[in-house]
Amino acid sequence: MYDFKQIEKKWRNYWKENKTFKAINGSDKEPYYILVEFPYPSGSGLHVGHVRSYTAQDAIARMKRMQGYNVLYPMGWDAFGAPAEQYAIKNHIHPKDAVRENIKTFKGQMETLGFSFDWDREFSTTDPEYYKWTQWQFLQFYKHNMAYKEKVPVNWCPTCKSVLSNEDAAGGVCERCGSSVVQKEKSQWMLRMSDYSEDLLTGLDDTNFAERVKLGQINWIGKSIGAEVNFKIEGHDKKFTVFTTRCDTLFGATYCVLAPEHEYVLEITTPEKQEEVKEYIKKCSTKNEMERTELNKEKTGVFTGAYAINPVNNDKIPIYISDYVLASYGTGAIMAVPAHDDRDYEFAKKYGIPIIQVLEEEIGKKEANEEKQKEIIAIIHNPETDKYLTIKKNDKRTFIDGTRKDDESALNCALRKIQEKTGYNDLKLIGEDFKINNHYYDKDTDKYINAETTPILFELQSERTTNKDLNNEEISIKWLTLKEIEKEIKDELHKKSFEYVLDPAAMTGDGTHINSEFLNGKNKEDAINTMISWLEENNCGKKKVNYKMRDWIFSRQRFWGEPIPMIDCPKCGWVPMNEEDLPLLLPDIAEYEPTENGESPLANITEWVNCKCPKCGHDAKRETDTMPNWAGSSWYFLRFMDPHNDKEFVGMDAMKYWNRVDWYNGGMEHTARHLLYARFWVQFLYNIGLVPKKEMIWTRVSHGMILGSNGEKMSKSKGNVVNPDDVVNEFGADALRIYEMFIGDYTQDASWSTDSLRGCKRFIDKIFRLKDKVIEGDNYTKELENLIHKTIKKVENDLQTMSYNTAVSSLMILVNNFEEQKEITKADYKVLLTLLNPIAPHFTEELNEQLGFSPICEGKWPTYDEEKTIDKTKDIAVQVNGKVRGTITINVDDEEDIIKEKAMQEDNVKRHIEGKDIIKVIVIKGKIVNIVVK
RNA sequence: GCUCAUAUGGCGGAAUUGGUAGACGCGAUAGACUCAAAAUCUAUUUUUCUUACGAAAGUCUCGGUUCAAGUCCGAGUAUGAGCACCA
């Protein structure tokens, strides 16, 4: 019927020859910048996942152009990185040659898919003309004291002799050789990203990122507001400081913990404990991160023999060391409040450290004149039957409860009450749990009660009882299973108590303070503020904000990255290269091996390493570390605005013209880190006056993955990889594009289905066949006019809201309606082709040309008339008591009375209301009628 | 463990502010065309009952709000992703 390969090739060439998609800096048209993440050109070629997001953004770009915007839709290559380096080492070629080949493949694939990139702006991060400016920007970081060198632990594979990224060392195992990864200290270049924590947080307000993207950023930054508290050490002059978000629980602190790496550890450890502590530290340092987390399923630690003084009550509390405290967060030391922190609770239980409750959960409503009482709730478990004892109280089922007499302990009260009610006396105490603060009204005494209630759990040892009649009406004992208790115990206090004793855990929620002197009676928030003021007044602490986000480790011990333009001079120390000497090129050799000691392969290339100090001229050595992959991608979107500038990294005029990236799309896996690095980079450039805005990216959305047909991630080993070239070959680029837009919700993962793809191909065939029905005519066919206007509106809206799948489906509906007609006009047909063009650009252009029109890509987007999208008549449902009993046809301007009348006349409706009282009739204009009868 | 997301026919998925659940596509079944197949066209396709008109149930489970709930509220379950002792 038609040769899609010929057609696609023809239009590909047309766009290329005419430079149809060239974006012009400074044009009068309104600028619109659409961006997709530039790919890493791997050896395996383009993935069908790339096709999804590139097509989606391409559709928007093409529509926006027709709507009169000057659209910038660029493409480039993020081509530094480990895989190319590995490949090159193995095959003794220069990575740039491997990369050049891969780029060629990728670009060819992109062209056959018909993406409307402005190829005149193409560049690779590995181009010296580009990485010159990445290096230049590093020097700006350095000059503004934002880059520094520091020793940090890195993942080290002893077999590959190479430093690994966290991703490559996932699970504590080297991804390449499978040997286990160890930690090694190395001096690394760092960027002071943590200085920007707050700015990166507040900057989100100036963006239009999707909520989940913002959330990813917020979580990564990990802001927490708390306090630092200073603890004196008994018998030492020194103090140590802890960070806590819960300084309100200070009265409940029963021990402190220092990280094994904390600087005071050995100093404060008592002589008899030295050996034990040293051994523990050694054990921790040899563990790699994986082992450490694995072992941490159970907490370990040792007592140092030293004691800290709790500043609020001068209590002596033991100091432990444990690797559950991280040296790298906060101050590397904590105060432990086992009653109100899960980790501390676990540790205290294991080592028998006291647990002091300082916060009570509240139940019920507080009243003004309350009488204070102490009460208990006794829960008895029968291990024989695995049931729990309940009694009847005011016609409801509860556990045994009771009020403590003066000086009576909770335990004695519970035993007394059990004896009174049931006569059981062979009981084993399992445990008391945290007290609950209960407010209620007592009918018998006409008083409001505030009861501090202690839940206690017993185990029944034998059925021995002094009570003869356990089943009498009054108490009505029942043993219930867990499930029955869930259903039958309604009282909140009893429910809570049961939860507490069943699964003893730290109480981490809000409540009322007890055992806390000046905090007693206050809630969490109030108490935190009071405590902070107290700490500040008494000079033993202060308010403090902490962030999880650390500084950016900017060094990589690799060959294939941007060389860091720094020189180590024996006289002057670290000296930056002169800017006019940039770029610092990578050496042009194809033979290099990683070094024995984990330095970059560059370290072996002496003629490259040796140089003169730019400051004093003395013999010096270059930095051999290179930059991380994230560096080049942190500013590439700016370079696209002015890609060939050899005077500046980007001209200010260009940035001011394009303003910002209007719409940035990428994978979910990059939404946290890449975006954070890029925003940090831009904010820094803004602060030194090099970019015009603090946030240069406006909207960021993330697409879902394309999974294999078995619902799993595509991978060679699983054999479920779909190669886009094969698909294009068999079905054509247009079919693939339509299919990937139709596959489902764009932000959601979707599984590949070749059957569904065939359906999309069939859709194209249908449109070709429609051409036989086309007759001359500049107006829409009367019967179709309404639907056409609606469809224009729908497609336009859907593309703007990323509802690509429903955009396609509405066009399918339009085609189905066209098919029902004997003939359609050229105008009808042309609007269909235009609306589908952004998604399937090749064949729509071809058919359009066959009608004798000028190219769609140079034309205008159709407009719709709001008036004409509104239906004159409408079928609406009539419900009786909420169930649909029939439909009626109404005119849109029908009054309520008329609609009501029509509804009542409907046959099936009549049947359902016959002989019944009509209570009311609800008429929602244009939507539904509901008749309520009795 | 924590955080987030998701849950709708045989399948992928639709469903504006709560207002006819299952659009559109796939698959399946039957029929037309054909020597035959493919392609195409027509019809049916949530389940159950009914010859039919129609009725009952139905959007993970339980409970609630409402004339009306896939949609809102509360409690849970399952799956997936990310973080992983962040004090």
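What comes next concerns the included structure. (Residues numbered from 1 in each chain as written. Chains lettered and ligands numbered in written order. Predicted model: local features only at pLDDT ≥ 70, side-chain atom pairs only at ≥ 80, totals over all residues. Heavy atoms only, no water.)

1. Digging into the overall build of chain A
Next up, step 1: Scanning chain A from terminus to terminus reveals 30 helices and 37 strands.
Next up, step 2: Seen through its principal axes, chain A has C-alpha atoms that stretch 105 × 105 × 50 Å.
Next up, step 3: Scored against the burial criterion, the 934 residues of chain A give a buried share of 52%.
Next up, step 4: Taking the intrachain contacts of chain A between residues at least 6 apart in sequence as the baseline, contacts between residues at least 24 apart amount to 73%.
Next up, step 5: Summing over all exposed atoms, chain A offers an accessible surface of approximately 43,600 Å²; the carbon and sulfur share of this is 47%. (Helix = DSSP H or I, 4+ residues; strand = E, 2+ residues; numbered from the N terminus. Buried < 20%, exposed > 50% of the residue type's maximum accessible area, 1.4 Å probe, protein only. Contact = heavy atoms within 4.5 Å. Areas by Shrake-Rupley, 256 points an atom, 1.4 Å probe, with all protein chains shown as cover.)

2. Focus: the packing of aromatic side chains
Within a pair of aromatic rings, the relevant descriptors are the distance that separates the centres and the angle that separates the planes.
Next up, step 1: Going through the model one piece at a time under the given rule, you end up with 56 aromatic pairs.
Next up, step 2: Pairing phenylalanine 117 with tryptophan 119 gives two aromatic rings, centres 5.5 Å apart and planes at 80°, and the pair type is edge-to-face.
Next up, step 3: Each ring, one from tyrosine 196 and one from phenylalanine 680, has its centre 5.1 Å from the other, and the planes form 80°; the classification is edge-to-face. In this pair, tyrosine 196 sits in the loop between strand E5 (182-191) and helix H6 (197-202) while phenylalanine 680 sits in helix H20 (residues 673-687), placing the two residues 484 residues apart along the sequence. We note that tyrosine 196, like phenylalanine 680, is buried.
Next up, step 4: Between arginine 700 and the ring centre of tyrosine 664, over which it is positioned, the NZ or CZ distance is 4.7 Å. (Phe/Tyr/Trp six-rings, centres within 6.5 Å; stacked < 30°, edge-to-face > 60°. Lys NZ or Arg CZ within 6 Å of the ring centre and 35° of its normal.)

3. Focus: the sheet that holds strand E24 (residues 566-569)
Next up, step 1: The four strands lie next to each other as E25-E24-E27-E26, forming an open sheet whose pairing is antiparallel. Whereas interior strands pair on both sides, the edge strands pair on one side only; in this sheet they are strand E25 (573-576) and strand E26 (610-612). Averaged over all neighbouring strand pairs, the angle between strand axes comes to 45°, with direction disregarded.
Next up, step 2: By the bridge criterion, two bridges tie E24 to strand E27 (residues 619-622) in an arrangement that is antiparallel. (Pairing = 2+ DSSP bridges. Axes fitted to C-alpha atoms, helices over the stretch in contact; angles between N-to-C directions.)

4. Overview of the pattern of salt bridges
Next up, step 1: According to the stated counting rule, one finds 41 salt bridges in the structure shown.
Next up, step 2: Of the charged contacts, one joins aspartate 341 and arginine 343 as a salt bridge, the two residues approaching to 2.6 Å between their closest N and O atoms.
Next up, step 3: Note on arginine 343: relative accessible area 48%, which makes it partly exposed.
Next up, step 4: Between arginine 416 and glutamate 408 there is a salt bridge; the shortest N-O distance is 2.8 Å.
Next up, step 5: One network of salt bridges, with partners in common, ties together Glu408, Arg416, Lys417 and Glu420. (Salt bridge = Lys/Arg side-chain N within 4 Å of Asp/Glu carboxyl O.)

5. Focus: the sheet that holds strand E1 (residues 31-36)
Next up, step 1: Judged by pairing direction, the sheet is parallel, and its four strands sit side by side in the order E2-E1-E28-E29 without closing on themselves. Every other strand in the sheet has two partners, leaving strand E2 (70-72) and strand E29 (697-703) as the edge strands with one partner each. Between one strand and the next, the sheet's axes are offset by a mean angle of 20°, whatever the strand orientation.
Next up, step 2: The pairing of strand E28 (residues 661-667) with E29 spans six bridges and is classified as parallel. In the sheet register, glycine 666 faces E29, and the bridge partner there is serine 702.

6. A look at helix H25 (residues 804-820)
Next up, step 1: Given a rise of 1.5 Å per residue, 17 residues ought to cover 24 Å, and the 25 Å separating the end C-alpha atoms of H25 matches this to within 8%.
Next up, step 2: Here H25 has its buried residues at Tyr804, Ala807, Val808, Ser810, Leu811, Met812, Leu814, Val815 and Phe818.
Next up, step 3: Where H25 is buried, its residues touch helix H2 (48-66), helix H22 (733-742), helix H23 (754-770), helix H24 (782-800), strand E33 (824-825) and helix H26 (826-836). (Expected span 1.5 Å × (residues − 1).)

7. Some points on the packing of helix H1 (residues 4-18) against helix H21 (residues 724-731)
Next up, step 1: Viewed as axis vectors pointing N to C, H1 and H21 meet at an angle of 115°, and their least axial separation amounts to 8 Å. Comparing the axis directions of H1 and H21 gives the class roughly perpendicular. Contacts between H1 and H21 involve Phe4, Lys5 and Glu8 on the former and, on the latter, Val728, Asn729, Glu730 and Phe731.
Next up, step 2: Partitioned by chemical class, the residues of the contact of H1 with H21 number three nonpolar, one polar and three charged. (Parallel < 35°, antiparallel > 145°, perpendicular 65-115°, else oblique. Nonpolar A, V, L, I, M, F, W, Y, C, P; charged D, E, K, R; others polar.)

8. A look at the pairing of strand E19 (residues 447-460)
A regular strand places its side chains so that they alternate between the two faces of the sheet.
Next up, step 1: The element E19 is extensively covered by neighbouring structure, given that eleven of its 14 residues are classed as buried.
Next up, step 2: Sheet topology places strand E13 (residues 370-382) next to E19; twelve bridges connect them, and they run parallel. Note that in E19 the partner of glutamate 370 across the bridge is tyrosine 448.
Next up, step 3: The pairing of strand E17 (residues 427-432) with E19 spans five bridges and is antiparallel. Following the sheet pairing, leucine 427 is matched in E19 by leucine 460.
Next up, step 4: Relative to E19, strand E18 (residues 436-442) runs antiparallel, the two being bridged by seven bridges. Bridge assignment links histidine 439 to a residue of E19, and that residue is asparagine 450.
Next up, step 5: Linkage of E18 to E19, two consecutive antiparallel strands, is achieved through a turn of four residues, within which aspartate 446 is found at a positive phi near 55°.

9. Observations regarding the nonpolar core
Next up, step 1: Within the largest apolar cluster, 167 residues are counted, with the highest numbers of intra-cluster contacts made by Phe637 and Leu638.
Next up, step 2: Leaving out residues up to four positions away in the same chain, leucine 638 has contacts with Phe649, Val650, Met655, Val682, Leu685, Val691 and Met696. (Core = buried A, V, L, I, M, F, W, Y, C linked by side-chain atoms within 4.5 Å.)

10. A closer look at the pairing of E28
Next up, step 1: Of all seven residues making up E28, seven are buried, and the element is well covered by its neighbours.
Next up, step 2: Sheet topology places E1 next to E28; three bridges connect them, and they run parallel. The partner of leucine 35 across the bridge, within E28, is tyrosine 664.
Next up, step 3: Where the polypeptide runs from E28 across H20 and back to E29, its parallel neighbour, the crossover connection is right-handed. (Right-handed = clockwise from strand over helix to strand, strands pointing away.)

11. As for helix H14 (residues 492-502)
Next up, step 1: For H14, the set of buried residues is Leu493, His494, Lys496, Ser497, Phe498, Tyr500 and Val501.
Next up, step 2: Put simply, aspartate 491 is the residue that caps the front of H14, since its side-chain oxygen is 3.0 Å from the backbone nitrogen of leucine 493. (Polar contact = N/O pair within 3.5 Å; in protein donor to acceptor, adjacent residues only side chain to side chain.)

12. Quick notes on unusual backbone geometry
A negative phi angle characterises most non-glycine residues, just as the trans form characterises most peptide bonds.
Next up, step 1: The omega angle of the peptide bond from leucine 582 to proline 583 is 0°, so this bond is cis rather than trans.
Next up, step 2: Within the secondary structure layout, proline 583 lies in the loop between E25 and helix H16 (606-609).
Next up, step 3: For asparagine 881, which is not glycine, the phi torsion reads 50° and is therefore positive.
Next up, step 4: Assignment of secondary structure puts asparagine 881 in the loop between strand E34 (873-880) and strand E35 (883-891).
Next up, step 5: Assessed through its relative accessible area of 44%, asparagine 881 is described here as partly exposed.

13. Details of the side chain of threonine 134
Next up, step 1: Along the chain, the position of threonine 134 falls in helix H5 (residues 128-143).
Next up, step 2: Note on threonine 134: relative accessible area 0%, which makes it buried.

14. Remarks on the environment of lysine 900
Next up, step 1: With respect to the element layout, lysine 900 can be found in helix H29 (residues 896-905).
Next up, step 2: As a C-alpha pair, lysine 900 and histidine 674 span 226 residues in sequence and 59 Å in three-dimensional space.
Next up, step 3: Discounting residues that sit within four places of it in the chain, lysine 900 has contacts with Val921 and Val923.

15. Comments concerning the side chain of aspartate 642
Next up, step 1: Looking at where aspartate 642 falls in the secondary structure, it is placed in the loop between helix H18 (636-639) and helix H19 (652-658).
Next up, step 2: Buried charge without a salt bridge: aspartate 642, with arginine 639 as the nearest opposite-charge side chain at an N-O distance of 6.2 Å.
Next up, step 3: Setting aside chain neighbours within four positions, we find aspartate 642 in contact with Arg121, Val650, Gly651 and Ala654. (Lys, Arg positive; Asp, Glu negative; His and termini not counted.)

16. Considering the environment of leucine 519
Next up, step 1: Mapped onto the elements of the fold, leucine 519 is located in the loop between strand E21 (512-513) and helix H15 (524-537).
Next up, step 2: Owing to a relative accessible area of 0%, leucine 519 belongs among the buried residues under this scheme.
Next up, step 3: Remark: the alpha-carbon pair of leucine 519 and leucine 638, spanning 119 residues in sequence, is separated by 54 Å.

17. Overview of a negative patch on the surface
Next up, step 1: Taken together, the side chains of Asp893, Glu895, Glu896, Asp897 and Glu901 present a region of like negative charge at the surface.
Next up, step 2: Along the chain, glutamate 896 turns up in helix H29.
Next up, step 3: Judged by relative accessible area, glutamate 896 falls into the partly exposed class, the value being 42%. (Patch = residues over 30% accessible without salt bridge, like charges linked within 9 Å, V, L, I, M, F, W, Y side chains within 5 Å. Charge placed at Lys NZ, Arg CZ, Asp CG, Glu CD.)

18. Overview of the environment of arginine 212
Next up, step 1: Among the structural elements, arginine 212 can be located in helix H7 (residues 211-221).
Next up, step 2: The class of arginine 212 is partly exposed, set by a relative accessible area of 37%.
Next up, step 3: Distance from arginine 212 to threonine 671, taken between C-alpha atoms, is 9.1 Å for residues 459 residues apart in sequence.
Next up, step 4: Discounting residues that sit within four places of it in the chain, arginine 212 has contacts with Met668, Ser702 and Thr747.
Next up, step 5: At a separation of 3.0 Å, a polar atom in the side chain of arginine 212 contacts the main-chain carbonyl oxygen of serine 702.

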